[in-house]
Amino acid sequence: EKAFAKQLEPHFARILRKTAASKTLPIGEEWNWLMNFVAFTRVRVPRFKADLDEISDLVGQQIMRDPLTPHQWEMVKPTLEAKGNVIAKLPFQTAKVILSKFKFKIEASQASFLKYMGELAGEDLKVFDRLQWGVWTIAENGPDLICSDCPVAVSSGVVLPGNNCRVGTILTVPLDRHTLL
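Thresholds, definitions, all that
- Residues numbered from 1 in each chain as written.
- Predicted model: local features only at pLDDT ≥ 70, side-chain atom pairs only at ≥ 80, totals over all residues.
- Heavy atoms only, no water.
- Helix = DSSP H or I, 4+ residues; strand = E, 2+ residues; numbered from the N terminus.
- Buried < 20%, exposed > 50% of the residue type's maximum accessible area, 1.4 Å probe, protein only.
- Areas by Shrake-Rupley, 256 points an atom, 1.4 Å probe, with all protein chains shown as cover.
- Core = buried A, V, L, I, M, F, W, Y, C linked by side-chain atoms within 4.5 Å.
- Phe/Tyr/Trp six-rings, centres within 6.5 Å; stacked < 30°, edge-to-face > 60°.
- Axes fitted to C-alpha atoms, helices over the stretch in contact; angles between N-to-C directions.
- Parallel < 35°, antiparallel > 145°, perpendicular 65-115°, else oblique.
- Contact = heavy atoms within 4.5 Å.
- Nonpolar A, V, L, I, M, F, W, Y, C, P; charged D, E, K, R; others polar.
- Left-handed = near helix turned anticlockwise from the far one by under 90°.

Some thoughts on the overall build of the protein chain
- Looking only at helices and strands, the protein chain has 7 helices and 5 strands in total.
- For the protein chain, the N- to C-terminal ordering of α and β elements is α-α-α-α-α-α-α-β-β-β-β-β.
- In the protein chain, which comprises 181 residues, the share counted as buried stands at 35%.
- For the protein chain, the computed accessible surface area is about 11300 Å², with 59% contributed by carbon and sulfur atoms.

Here is the structure:
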């Protein structure tokens, strides 16, 4: 998040302000910045982290339990030791019995999440090039647009990891209180 805020957000903010003020779509390099903003904003929400954590947990549980081999145990032990987990000091057979009965949750690392986020954003960019974009303006006396923790809204179709984008999909992104991409 710190690197994202320092390196990308200033460029995103500049393009968003300019697009909202001019009520026109940017071109060239500014267009690329805008599309990257939309792509990263769509995947930079808690739902994607939760999805990755669920996948990591399922895979991790499988690796740890079904069946845990001596080789897998040796690979996992350093991570457990680094976290101060006492189970890392146990012999393989004892650890295997305990892990088969123990309930635990495995979450994705920050590095894994950033890699996943980048891959999804990259896939989104391929789809975004095929969409027809426009800038919509809400009248000054009209309702204000509200952002949530998931400001890139999708309706009437689907944009999912793997990019199954259907005809008729509307992807909306509030740029300010009265301007929508």
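Some remarks on the nonpolar core
- Residues Leu 34, Met 35, Val 38, Phe 48, Phe 128, Trp 133 and Leu 181 are the most contacted members of the largest nonpolar core, which totals 30 residues.
- Looking at this core, the elements with two or more residues in it are helix H2 (9–22), helix H3 (28–43), helix H4 (46–65) and helix H7 (110–128).
- Of the residues forming this core, the biggest block, 9 residues, is contributed by H3.
- With 9 residues, the next largest nonpolar core counts Leu 68, Val 76, Ala 95 and Leu 99 among its residues.

As for the packing of aromatic side chains
- Evaluated as defined, the whole model comprises 3 aromatic pairs.
- An angle of 70° between the planes, with centres 5.8 Å apart, marks the rings of Phe 12 and Trp 33 as edge-to-face. In this pair, Phe 12 sits in helix H2 while Trp 33 sits in helix H3, placing the two residues 21 residues apart along the sequence. The pair formed by Phe 12 and Trp 33 is uniform in burial state, with each residue classed as buried.
- Between Trp 31 and Trp 133, the ring centres sit 6.2 Å apart and the planes meet at 75°, which makes this aromatic pair edge-to-face.

Topic: the environment of His 11
- Positionally, His 11 belongs in helix H2.
- On the accessibility criterion, His 11 (31% relative accessible area) is partly exposed.
- Taking the C-alpha atoms as reference, His 11 lies 8.9 Å from Leu 34; in sequence the two are 23 residues apart.

Overview of the packing of H2 against H3
- Two numbers describe how H2 lies on H3: the axes approach to 9 Å, and their chain directions differ by 105°. Classified by the interaxial angle, the pair formed by H2 and H3 is roughly perpendicular. Packed against H2, whose contacting residues are His 11, Phe 12, Arg 14, Ile 15, Leu 16, Lys 18 and Thr 19, the element H3 presents Glu 30, Trp 33, Leu 34, Asn 36 and Phe 37 at the interface.
- Here the residues of the contact of H2 with H3 sort into 6 nonpolar, 3 polar and 3 charged.

A few points about the packing of H3 against H7
- Between H3 and H7, the shortest axis-to-axis distance is 8 Å and the interhelical angle comes to 130°. Taken together, the axis directions place H3 and H7 in an arrangement best described as oblique. Handedness of the H3/H7 crossing: right-handed. Taken together, the residues of H7 that come into contact with H3 (itself represented by Met 35, Asn 36, Val 38, Ala 39, Phe 40, Arg 42 and Val 43) are Phe 113, Met 117, Gly 118, Leu 120, Ala 121, Asp 124, Leu 125 and Phe 128.
- Among the residues making up the contact of H3 with H7, the classes are represented as 11 nonpolar, 2 polar and 2 charged.

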